[in-house]
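# Summary of the model geometry
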Amino acid sequence: NNEAPKLDETEWNSILESIKQAISQFDAFRQTEGQALKKDLTGNIATILKNLELLEPFEKQRQERYRLRLMASLEENMPVDKIDMNRYEQEIIYFLEKMDINEEKVRLRQHCAYFVDTINNEEQPGRKLGFIAQEIGREINTIGSKSNDADMQKIVVLMKDDLEKVKEQVLNLL
């Protein structure tokens, strides 16, 4: 007997109503889950930006420590009256320019703002957020490689940790 049982209209309407209710509940759940995910993602981005601000005092200290370390090294290896102060200042300026992270900080802030704007305004932001997260990672990595300071490196690791959380959550959006 291969025939399916026939449903009368009342039974069919009852099943259809149950299906509509299940779909409605599923949509409500997805909305709630989406809002929680959005809050989590924007919170992690906000933490990255807070940590970026924590780098500020260490940047100035790092520059001064380098200046003093270079002068001590010069004085240790050469008589003080033989040190070419113009050359010393040129080396300091060269190194400070090489270790400057201002461009990376500006780009990181821009990428974070773009990330939040995208999550707030795009209908299906998943793939785009993944690309923006990659750009955020590049800036954090560059800051880390230029930092050359243990205290700054600790903050960069915290930023990377938050970014990894973002990347994991973005995969849930795809």
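Please read these numbers as outputs of a predicted model, since none were measured by experiment.

### Comments concerning the packing of aromatic side chains
- Throughout the structure, instances matching the rule amount to one aromatic pair.
- Centroid distance Tyr66 to Phe95: 3.8 Å. Interplanar angle 20°. Geometry classified as stacked. In this pair, Tyr66 is assigned in helix 2 (residues 56–77) and Phe95 in helix 3 (residues 85–99), connecting sequence segments 29 residues apart.
- Classification of Tyr66 as buried rests on a relative accessible area of 15%.

### Some words on the side chain of His111
- If you trace the backbone, His111 turns up in helix 4 (residues 102–121).
- Overall, the relative accessible area of 17% leaves His111 in the buried class.

### Some remarks on the layout of surface pockets
- Volume-wise, the largest pocket comes out at about 690 Å³.
- Contributing to the lining of the largest pocket are 19 residues, with Arg30, Gly34, Glu123, Pro125 and Leu173 lying nearest its centre.
- Secondary-structure elements contributing two or more residues to the lining of the largest pocket are helix 1 (9–54), helix 5 (126–147) and helix 6 (150–173).
- With nine residues, the top contributor of residues to the lining of the largest pocket is helix 1.

### Focus: the packing of helix 2 against helix 6
- In contact at an axis separation of 9 Å, helix 2 and helix 6 are set at 150° when each is read in the N-to-C sense. Our classification of the angle between helix 2 and helix 6 gives roughly antiparallel. In this structure, helix 2 meets helix 6 at a crossing whose hand is left-handed. Across the interface between the two elements, Phe58, Glu59 and Arg62 from helix 2 touch Asp151, Met152 and Ile155 from helix 6.

### What about a nonpolar patch on the surface?
- On the surface, Leu7, Trp12, Ile15, Leu16, Ile19 and Ile23 cluster together to form a nonpolar patch covering roughly 550 Å² of accessible area.
- Here Ile15 is to be found in helix 1.

### Notes on the environment of Arg65
- Considering the arrangement of structural elements, one finds Arg65 in helix 2.
- For the pair formed by Arg65 and Asp149, sequence separation is 84 residues and the distance between their alpha carbons is 9.9 Å.

### A look at the packing of helix 1 against helix 2
- Remark: helix 1 packs on helix 2, axes separated minimally by 4 Å, with the N-to-C direction vectors making an angle of 30°. Considered as vectors, helix 1 and helix 2 are oriented roughly parallel to each other. In contact with Leu52, Glu53 and Leu54 of helix 1, helix 2 contributes Glu56, Pro57 and Phe58.
- Along the lines of polarity and charge, the residues of the contact of helix 1 with helix 2 split into four nonpolar, no polar and two charged.

### Quick look at the nonpolar core
- Counting 24 residues, the largest nonpolar core has Ile48, Leu108, Phe115 and Ile136 as its most contacted members.
- Of all elements in the fold, only helix 1, helix 4, helix 5 and helix 6 reach the threshold of two or more residues within this core.
- With seven residues, helix 6 is the largest single contributor of residues to this core.
- Setting aside its immediate chain neighbours within four residues, Ile48 contacts Leu108, Cys112, Ile136, Ile140, Met159, Asp162 and Leu163.
- Listed in part, the eight residues of the second largest apolar core include Met71, Tyr88, Ile92 and Phe95.

### A short note on helix 5
- Spanning 22 residues, helix 5 covers 31 Å between terminal C-alpha atoms, matching the ideal 32 Å at 1.5 Å per step.
- Residues of helix 5 that are buried: Gly126, Leu129, Ile132, Ala133, Ile136, Gly137, Glu139, Ile140, Ile143, Gly144 and Ser147.
- Turning to helix 5, the residues buried within the fold contact helix 1, helix 2, helix 4 and helix 6.
- Immediately downstream of helix 5, the backbone of Asn148 shows phi near 55°, a positive value.

Calculation criteria
Residues numbered from 1 in each chain as written. Predicted model: local features only at pLDDT ≥ 70, side-chain atom pairs only at ≥ 80, totals over all residues. Heavy atoms only, no water. Phe/Tyr/Trp six-rings, centres within 6.5 Å; stacked < 30°, edge-to-face > 60°. Helix = DSSP H or I, 4+ residues; strand = E, 2+ residues; numbered from the N terminus. Buried < 20%, exposed > 50% of the residue type's maximum accessible area, 1.4 Å probe, protein only. 1 Å grid on protein atoms, 1.4 Å probe; cavity = no way out; pocket = protein on both sides within 12 Å on 5 of 7 lines; lining within 4 Å. Points joined across faces, edges and corners; volume = space filled by probe spheres on them. Axes fitted to C-alpha atoms, helices over the stretch in contact; angles between N-to-C directions. Parallel < 35°, antiparallel > 145°, perpendicular 65-115°, else oblique. Left-handed = near helix turned anticlockwise from the far one by under 90°. Contact = heavy atoms within 4.5 Å. Patch = residues over 30% accessible without salt bridge, like charges linked within 9 Å, V, L, I, M, F, W, Y side chains within 5 Å. Areas by Shrake-Rupley, 256 points an atom, 1.4 Å probe, with all protein chains shown as cover. Salt bridge = Lys/Arg side-chain N within 4 Å of Asp/Glu carboxyl O. Nonpolar A, V, L, I, M, F, W, Y, C, P; charged D, E, K, R; others polar. Core = buried A, V, L, I, M, F, W, Y, C linked by side-chain atoms within 4.5 Å. Expected span 1.5 Å × (residues − 1).

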